[in-house]
Amino acid sequence: MSNSRIEQIIEEIEDYIDTCKGPLLGSGDKIIVNRERMEELLRELRLKTPEEIRRYQKILANKDAIMADAQKKASAIVEQANLQNQELVNEHEIMQQAYEQANQVIDTATRQAQEILDNATRDANEIRMGAIQYTDDRLAELQEMIRQVVEASNAHYAGMMGNFESFYAQLTSNREELGIQPQSVQEQLPEEQ
């Protein structure tokens with residue numbers, strides 16, 4: 001950044017003073033200056049001072065405005081960040097709620113599926129036991145029918161054998177009356193297969 005005109009004039013005054021010579025017999029702290037040149041530099045300094053002060057005031061005002069604008073923008077950014085943060089918090093809470101609801105739905109569905117499976121298993125077992133009981137009842141009925149048939153057949157067979165034996169005995173008696181010696185019953189009857 002270039003120096004201001006005031007600083008340049010002050011440097012010129014300093015340079016000018018450095019070029020001035022002191023009096024021949026005087027103290028080393030004193031110098032002889034050209035009055036016109038010094039007045040010219042001081043006059044320019046007086047003229048430039050208000051202009052420089054206004055320029056600095058303007059820069060300061062601009063700096064304040066820039067700072068105020070920067071502060072305003074910073075506040076807006078912070079506010080926006082807070083809003084976004086709140087939105088993220090809200091979204092997180094919404095996601096948490098959605099996650100919890102999803103877990104509840106899954107738990108409910110799992111329980112319902114298990115109940116359905118348990119009911120289906122129980123029903124299947126009841127149907128299977130019913131089928132077994134029904135089959136056993138029919139087999140018991142068939143067993144009873146066969147028992148009755150066997151008993152009836154045995155009774156009928158026993159009666160029929162009794163009749164055959166009686167008839168055989170009658171035949172044997174009739175032949176004896178004819179005077180023929182019959183063979184033994186064992187010889188006459190065919191062997192049981």
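Predicted, not measured: the structure shown is a model, and the values here were computed from it.

### Some words on helix H2 (residues 35–177)
At 3.6 residues per turn, the α-helix brings residues three or four places apart onto the same side.
Step number 1: A rise of 1.5 Å per residue sets the reference length of H2, with its 143 residues, at 213 Å; its end C-alpha atoms lie 204 Å apart and thus fit the reference within 8%.
Step number 2: Of all the bends found along H2, the most pronounced is centred on Lys-48 and spans about 30 degrees, while Pro-50, a proline, follows it within four residues.
Step number 3: Within H2 the residues assigned to the buried category are Met-38, Leu-41, Leu-45 and Glu-52.
Step number 4: At its buried positions, H2 is contacted by helix H1 (5–19).
Step number 5: Capping the start of H2, Asn-34 holds a side-chain oxygen 3.0 Å from the backbone nitrogen of Glu-36, two or three residues further along.
Step number 6: At the exit of H2 stands Gly-179, carrying a positive phi of roughly 85 degrees.

### Thoughts on a nonpolar patch on the surface
Step number 1: A contiguous nonpolar patch, built from Leu-139, Leu-142, Met-145, Ile-146 and Val-150 and spanning about 470 Å² of accessible area, is present on the exposed surface.
Step number 2: Relative to the elements of secondary structure, Ile-146 occurs in helix H2.
Step number 3: Under the relative-accessibility criterion, Ile-146 is labelled partly exposed at 48%.

What counts as what
- Residues numbered from 1 in each chain as written.
- Predicted model: local features only at pLDDT ≥ 70, side-chain atom pairs only at ≥ 80, totals over all residues.
- Heavy atoms only, no water.
- Helix = DSSP H or I, 4+ residues; strand = E, 2+ residues; numbered from the N terminus.
- Expected span 1.5 Å × (residues − 1).
- Bend = angle between axes of the 7 residues up to and from the residue.
- Buried < 20%, exposed > 50% of the residue type's maximum accessible area, 1.4 Å probe, protein only.
- Contact = heavy atoms within 4.5 Å.
- Polar contact = N/O pair within 3.5 Å; in protein donor to acceptor, adjacent residues only side chain to side chain.
- Patch = residues over 30% accessible without salt bridge, like charges linked within 9 Å, V, L, I, M, F, W, Y side chains within 5 Å.
- Areas by Shrake-Rupley, 256 points an atom, 1.4 Å probe, with all protein chains shown as cover.
- Salt bridge = Lys/Arg side-chain N within 4 Å of Asp/Glu carboxyl O.

No statement about biological role is implied by the geometric values presented.
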